[in-house]
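Chains, contacts and geometry: an overview
One letter stands for each residue in the lines below.
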Amino acid sequence: MTTMESLIGLVNRIQRACTMLGDYGGGSDGALPTLWEALPSVAVVGGQSSGKSSVLESVVGRDFLPRGSGIVTRRPLVLQLHKTEEGKPEYAEFLHLPKRIFTDFSLVRKEIQDETDRLTGKTKQISPVPIHLSIYSPFVVNLTLIDLPGLTKVAVEGQPDNIVQDIENMVRSYVEKPNCIILAITPANQDIATSDAIKLAREVDPTGERTFGVLTKLDLMDKGTHALDVLEGKAYKLQHPWVGIVNRSQADINKNVDMIIARRKEKEYFANSLDYSHLASKMGSEYLAKLLSKHLESVIRARIPSITSLINKTIDELESEMDNLGRPIAVDAGAQLYTILELCRAFDKIFKEHLDGGRPGGDRIYGVFDHQLPVALRKLPFDRHLSLQNVKKVVSEADGYQPHLIAPEQGYRRLIESSLNYFRGPAEASVDAVHFVLKDLVRKSIGETQELKRFPSLQAELAAACYQALERFREDSRKTAIRLVDMEASYLTVDFFRKLPQDIEKTGNPSTITADRYSEGHFRRIASNVSSYIVMVSEMLKNTLPKATVHCQVREAKRSLLNHFYTQIGRKEGKQLSQLLDEDPALMERRVQCAKRLELYKNARDEIEAVSWAR
């Protein structure tokens, strides 16, 4: 195989691989994308009944396309020709029937018709969704040809009024791409000035660099006329030479005349023609196939740098996508356990970053201590509790039948102890507020752990384990916070009481104090003293409650959030581990397709580089 055949065959293989992976269109409009756009192909353009199908069959050497009057080609046909070794059998494959091989080409024709009808129905409607057909034969050259619906000027019965524009738009979507070679088919018995194919080609390729003119039905021209002005480039000049084709007659088609015989008849026609014999070596379907193949090779060589650049860029994007999707999971239990532990460590790292300030969120815990707790303490109803009426009531009830002699110690104790009970609410509220912040940070951290996104089951299990651990930490923290409050009520600060007798010593007149014992001023003084004591305790708790909460909840969350989960995971069997690593089927399929595309592009890069260096 020559270098040219190797290069074109390589492009053919890449294009076929792209189609098999669905990497051939940007959507239902059938437009060819990315690598397809970078790899040259040949689009066959012509009016209805211009002989497009006959030209394709002549190039292939097989009778395989549907025939009939009016619009026959109603969906684009992407035809890839693969040259095989001498003696190898000829066969065809459709992309939509990957496991079926066709050796009978009449069945290929029927399948094209059936697959067209599947989308368009048995009508004259069209569809932009292409049919992909590969033909393997030792009698073809490596080529990718795209047969497009024939251009028309009027809609016939059964077709919508806009079908004329729809067909032109579809054809234009292919031929306007800079890497598309245009094979403009025009029948010789039609004025070249009215050729639909040439008109469209001139619009999308005004310089003619991408256009090859093909003149069909030369044998059907009126006697005494010829098409030399066109074939010699005098009537309409293109940068590439015009090629004349003589297709099989309808009688030959009806008799199923072999394509090999038809090619021989075509050669004889040009060789024996008085008008065209001097051009015979540059006429015919075999010459056209070789001409296209040679031009395709030169275009491919010129595009190699840009193709390689595109492939390298796509490889980088696919590898990045594979990193995001994650690599396939091992099947043995040990590797699965290791994977789960690694995922948990990745989550734990992000969770700690939230707490330590590397990521936002941990500052909300400080907000609980700096704002919520002080506000809650200030809102406690001490004004009502230490009102003159309540103080008098509490002190009197504490004295019982025996009024206090100097200072109402029991009354003080009851007022202080009942006041300290109010601190339980803010203490528990602080614990709960920190708990909800930690739960929210767990939720966020799981969402931010990219590696976990593949495994919804593991996410749910991990979240449940974290929430259970946080509940335990909250309960410990709540008990500690309440214990701090109870400690204040269990043992009052002695210095506070020692101040009270000093008032008597300073006055020096006990009778005055006794007389004032049940006065309004006396109870106000008690309320003031208790209030001072409560303020002192409040300031202490404002400092100690955050320490207890951080110690019992935040510190433990950082140290042992997943300890219990690790113990549970270590006891699981292989089947249970597999269930935790049960990925979303859509994501698994996406990874498989991404891996296949990555392999395709890497192989394409290596083969293109190998062939280009062999020049």
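These figures come from a predicted structure and were not determined experimentally.

**Some thoughts on the overall build of the protein chain**
For the protein chain, the count of helices and strands is 24 helices and nine strands. When burial is assessed residue by residue, the protein chain has 48% of its 615 residues classed as buried. Within the protein chain, counting contacts between residues at least 6 apart in sequence, those at least 24 apart form 81% of the total. About 30300 Å² of surface is accessible on the protein chain, with carbon and sulfur atoms providing 52% of the total.

**Some remarks on the nonpolar core**
Inside soluble globular proteins, nonpolar side chains tend to come together where they are buried. In terms of nonpolar packing, the biggest core is built from 58 residues, with Phe64 and Leu133 touching the most fellow members. When residues of this core are assigned to their parent elements, the largest contribution, 14 residues, is made by helix H10 (residues 285-325). In this structure, Leu133 is in contact with Phe64, Leu77, Val78, Leu79, Gln80, Ala92, Glu93, Phe94, Val108 and Ile112, ignoring residues within four places of it in sequence. Counting 39 residues, the second largest nonpolar core, distinct from the first, contains Ile71, Val175, Met221 and Leu231.

**Digging into the pattern of salt bridges**
Enumeration over the complete set of coordinates arrives at 37 salt bridges. Close ionic contact of Glu556 with Arg555 constitutes a salt bridge, the shortest N to O distance being 3.4 Å. Using a relative accessible area of 33% as the deciding quantity, one classes Arg555 as partly exposed. One network of salt bridges, in which partners are shared, links Glu57, Asp63, Arg109 and Arg248.

**Side note on the packing of helix H11 (residues 333-356) against helix H21 (residues 520-560)**
It is at 10 Å that the axes of H11 and H21 come closest, and there the two elements cross at 150 degrees. Relative to H21, the element H11 is oriented roughly antiparallel. As for the relative orientation of H11 and H21, their crossing is left-handed in sense. On H21, the residues that touch Phe351, Lys352, Leu355 and Asp356 of H11 are Val554, Ala557 and Lys558. Here the residues of the contact of H11 with H21 are counted per class, giving four nonpolar, no polar and three charged.

**Thoughts on empty space enclosed by the protein**
This model, assessed by the stated rule, comprises five cavities of 30 Å³ or more. If you add up the space inside the second largest cavity, you get close to 120 Å³. Lining the second largest cavity we find 13 residues, and of these Pro66, Val72, Thr73, Arg74 and Ile112 sit closest to its centre. Among the elements that line the lining of the second largest cavity, the one with the most residues is helix H4 (residues 105-120), at three residues.

**Here we look at the layout of surface pockets**
Its boundaries defined by the atoms lining it, the largest pocket holds a volume of some 510 Å³. Those elements that provide at least two residues to the lining of the largest pocket are helix H3 (52-60) and helix H8 (250-254). Looking at which element gives the most residues to the lining of the largest pocket, the answer is H3, with three residues. The residue makeup of the lining of the largest pocket, split by class, is five nonpolar, 14 polar and five charged.

**A look at the sheet that holds strand S9 (residues 243-244)**
Ordered by their spatial adjacency, nine strands build an open sheet running S4-S3-S5-S2-S6-S1-S7-S8-S9, and the pairing between neighbours is mixed. Where the open sheet ends on each side, the last strands, each with one partner, are strand S4 (97-102) and S9. Sheet topology places strand S2 (residues 77-83) next to strand S5 (residues 131-137); seven bridges connect them, and they run parallel. Directly across from Leu77, in S5, lies its bridge partner Ile131.

**Quick word on the confidence of the model for the protein chain**
Looking at the protein chain as a whole, the pLDDT averages 84, with 89% of positions reaching at least 70. Counting contacts from residues 25-33, a segment whose pLDDT is below 50, to residues more than four positions away or on other chains yields 20 contacts.

**So, the packing of H11 against helix H16 (residues 424-448)**
Where H11 meets H16, the closest approach of the two axes is 9 Å, and the angle between their N-to-C directions is 130 degrees. Taken together, the axes of H11 and H16 are oblique relative to one another. Handedness of the crossing formed by H11 with H16: right-handed. Taken together, the residues of H16 that come into contact with H11 (itself represented by Phe347, Ile350, Phe351, His354 and Leu355) are Leu438, Leu441, Val442, Lys444, Ser445, Ile446 and Glu448. Across the contact of H11 with H16, the residue classes break down as eight nonpolar, two polar and two charged.

**Points about the side chain of Ser173**
Position of Ser173 relative to the elements: it lies in helix H5 (residues 163-175). Of the polar contacts made by the side chain of Ser173, one reaches the backbone oxygen of Met170; its length is 2.6 Å.

**Describing the state of the cysteines**
In total, this model carries zero disulfides according to the counting rule given. Cys466 carries a free sulfur, and the closest cysteine sulfur to it, the one in Cys344, is 8.0 Å from it. Overall, Cys466 belongs to the buried group, its relative accessible area being 0%.

**As for the pairing of strand S1 (residues 41-46)**
With respect to burial, S1 is a largely interior element, six of its six residues being buried. Judged by which residues are buried, S1 turns out to be covered on both faces: Ser41, Ala43 and Val45 on one side and Val42, Val44 and Gly46 on the other are all buried. Pairing between S1 and strand S7 (residues 180-187): six bridges, direction parallel. Counterpart to Val44 in the pairing with S7 is Leu183. With three bridges connecting them, S1 and strand S6 (residues 143-147) associate as parallel partners. When the bridges of S6 are listed, Val44 appears paired with Asp147.

**A closer look at the pairing of strand S8 (residues 211-216)**
Among the six residues that make up S8, six are buried, leaving the element largely enclosed by the rest of the structure. Of the two faces of S8, both are covered, the one formed by Thr211, Gly213 and Leu215 as well as the one formed by Phe212, Val214 and Thr216. Where S7 meets S8, six bridges bridge the pair, whose relative direction is parallel. Along S8, the bridge assignment pairs Thr186 with Leu215. Considered for its hand, the β-α-β crossover made up of S7, helix H6 (residues 196-204) and S8 is right-handed. For S8 and S9, the ladder comprises two bridges, and the chain directions are parallel. Directly across from Leu215, in S9, lies its bridge partner Gly244.

**A short note on the environment of Ile350**
Among the secondary structure elements, Ile350 is positioned in helix H11. When sequence neighbours within four positions are dropped, the list of residues in contact with Ile350 reads Arg359, Ser445, Glu448 and Thr449.

**Observations regarding unusual backbone geometry**
Despite not being glycine, Ser49 has its phi angle at roughly 65 degrees, a positive value. Structurally, the position occupied by Ser49 is in the loop between S1 and H3. You will see that Lys217, though not glycine, has its phi angle at about 60 degrees, which is positive. As for its position among the elements, Lys217 is in the loop between S8 and helix H7 (228-231). A relative accessible area of 23% places Lys217 in the partly exposed class.

Scoring rules and cut-offs
Residues numbered from 1 in each chain as written. Predicted model: local features only at pLDDT ≥ 70, side-chain atom pairs only at ≥ 80, totals over all residues. Heavy atoms only, no water. Helix = DSSP H or I, 4+ residues; strand = E, 2+ residues; numbered from the N terminus. Buried < 20%, exposed > 50% of the residue type's maximum accessible area, 1.4 Å probe, protein only. Contact = heavy atoms within 4.5 Å. Areas by Shrake-Rupley, 256 points an atom, 1.4 Å probe, with all protein chains shown as cover. Core = buried A, V, L, I, M, F, W, Y, C linked by side-chain atoms within 4.5 Å. Salt bridge = Lys/Arg side-chain N within 4 Å of Asp/Glu carboxyl O. Axes fitted to C-alpha atoms, helices over the stretch in contact; angles between N-to-C directions. Parallel < 35°, antiparallel > 145°, perpendicular 65-115°, else oblique. Left-handed = near helix turned anticlockwise from the far one by under 90°. Nonpolar A, V, L, I, M, F, W, Y, C, P; charged D, E, K, R; others polar. 1 Å grid on protein atoms, 1.4 Å probe; cavity = no way out; pocket = protein on both sides within 12 Å on 5 of 7 lines; lining within 4 Å. Points joined across faces, edges and corners; volume = space filled by probe spheres on them. Pairing = 2+ DSSP bridges. pLDDT = per-residue confidence, 0-100. Polar contact = N/O pair within 3.5 Å; in protein donor to acceptor, adjacent residues only side chain to side chain. Disulfide = S-S within 2.5 Å. Right-handed = clockwise from strand over helix to strand, strands pointing away.

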